[in-house]
Amino acid sequence: MARMKIEGEMVRGRFLSRTSRFSVTAEVAEGPADGEEQSCHLPNPGRLRELLVPGAEILLRPAKDPGRKTKFDVFAAVADG
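Not measured: the values here are computed from a predicted model. Throughout, residues of each chain are indexed from 1 in the direction in which the sequence is written. pLDDT decides what is reported in this predicted model: residues at 70 or higher carry local features, side-chain atom pairs at 80 or more are listed and counted, and totals for whole chains, interfaces and linings draw on all residues regardless. Values reported for side chains reflect all heavy atoms of the structure, with hydrogen atoms and water molecules removed beforehand.

**Re the pattern of salt bridges**
Consideration 1: Salt-bridge detection follows one rule: a side-chain nitrogen of Lys or Arg within 4 Å of a carboxyl oxygen of Asp or Glu. Counted according to the given criterion, the structure contains 4 salt bridges.
Consideration 2: When the shortest N-O distance is used, the salt bridge between Glu-57 and Arg-12 registers 2.2 Å. Of the two residues, Glu-57 is situated in strand 4 (residues 57–62) and Arg-12 in strand 1 (residues 11–20); the sequence distance between them amounts to 45 residues.
Consideration 3: Asp-73 is the partner of Arg-68 in a salt bridge, and the nearest nitrogen-oxygen pair spans 2.7 Å. A helix here means a DSSP run of H or I that spans at least four residues, while a strand means a run of E at least two residues long, and both kinds are numbered starting from the N terminus.

**Describing the environment of Glu-30**
Consideration 1: Examined against the element boundaries, Glu-30 turns out to sit in the loop between strand 2 (23–28) and strand 3 (37–41).
Consideration 2: The sequence separation of Glu-30 and Arg-12 amounts to 18 residues, and the corresponding C-alpha distance is 6.1 Å.
Consideration 3: It only takes one pair of heavy atoms within 4.5 Å for two residues to be counted as in contact. For Glu-30, the residues in contact, after removing those within four places along its chain, are Met-10, Val-11 and Arg-12.
Consideration 4: We define a polar contact as two N or O atoms separated by no more than 3.5 Å, with the added condition that, inside protein, one atom must be a possible hydrogen donor and the other a possible acceptor, whereas residues neighbouring each other in sequence contribute only through side-chain atom pairs. A polar side-chain atom of Glu-30 sits 3.1 Å from the main-chain amide nitrogen of Arg-12.

**A closer look at the nonpolar core**
Among soluble globular proteins, nonpolar side chains are generally buried collectively.
Consideration 1: Among the buried residues, those of types Ala, Val, Leu, Ile, Met, Phe, Trp, Tyr and Cys that are joined through side-chain atoms within 4.5 Å form a nonpolar core. Each residue is assigned to one of three classes by its accessible area relative to the maximum for its type, calculated with a 1.4 Å probe on protein chains only: buried under 20%, partly exposed between the two thresholds, exposed over 50%. In terms of nonpolar packing, the biggest core is built from 14 residues, with Val-24, Cys-40, Ile-58, Leu-60, Phe-72 and Val-74 touching the most fellow members.
Consideration 2: The set of elements that each furnish at least two residues to this core consists of strand 1, strand 2, strand 4 and strand 5 (72–77).
Consideration 3: Counting residues per element, this core draws most heavily on strand 2, at 3 residues.
Consideration 4: Dropping the residues within four chain positions of it, Leu-60 is found in contact with Glu-9, Met-10, Val-11, Gly-13, Ala-26, Val-28, Cys-40, Phe-72, Asp-73 and Val-74.

**Structural notes on the environment of Ala-77**
Consideration 1: The topology assignment puts Ala-77 in strand 5.
Consideration 2: Overall, Ala-77 belongs to the partly exposed group, its relative accessible area being 28%.
Consideration 3: Sequence separation between Ala-77 and Leu-60 is 17 residues, and the spatial gap between their C-alpha atoms is 9.1 Å.
Consideration 4: Contact partners of Ala-77, with chain neighbours within four places excluded, come to Leu-51, Glu-57 and Ile-58.

Here it is as structure tokens:
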């Protein structure tokens, strides 16, 4: 199994739906926003149907700009464990 080194603050989330090419709705699973539904920026506008299925675990990176419309970026999706 491939592992990647992740630097910086990350929080776990659960993918709920894709609202546009560049945004998703996710439930934050830890941290101060635990249990909240959040609109998150999706930097990769690709298809991603195999990864972004309802309930899939995703990693979210908090946005650095507090005035930004979305509070998180989708960083990664967990596939096959």
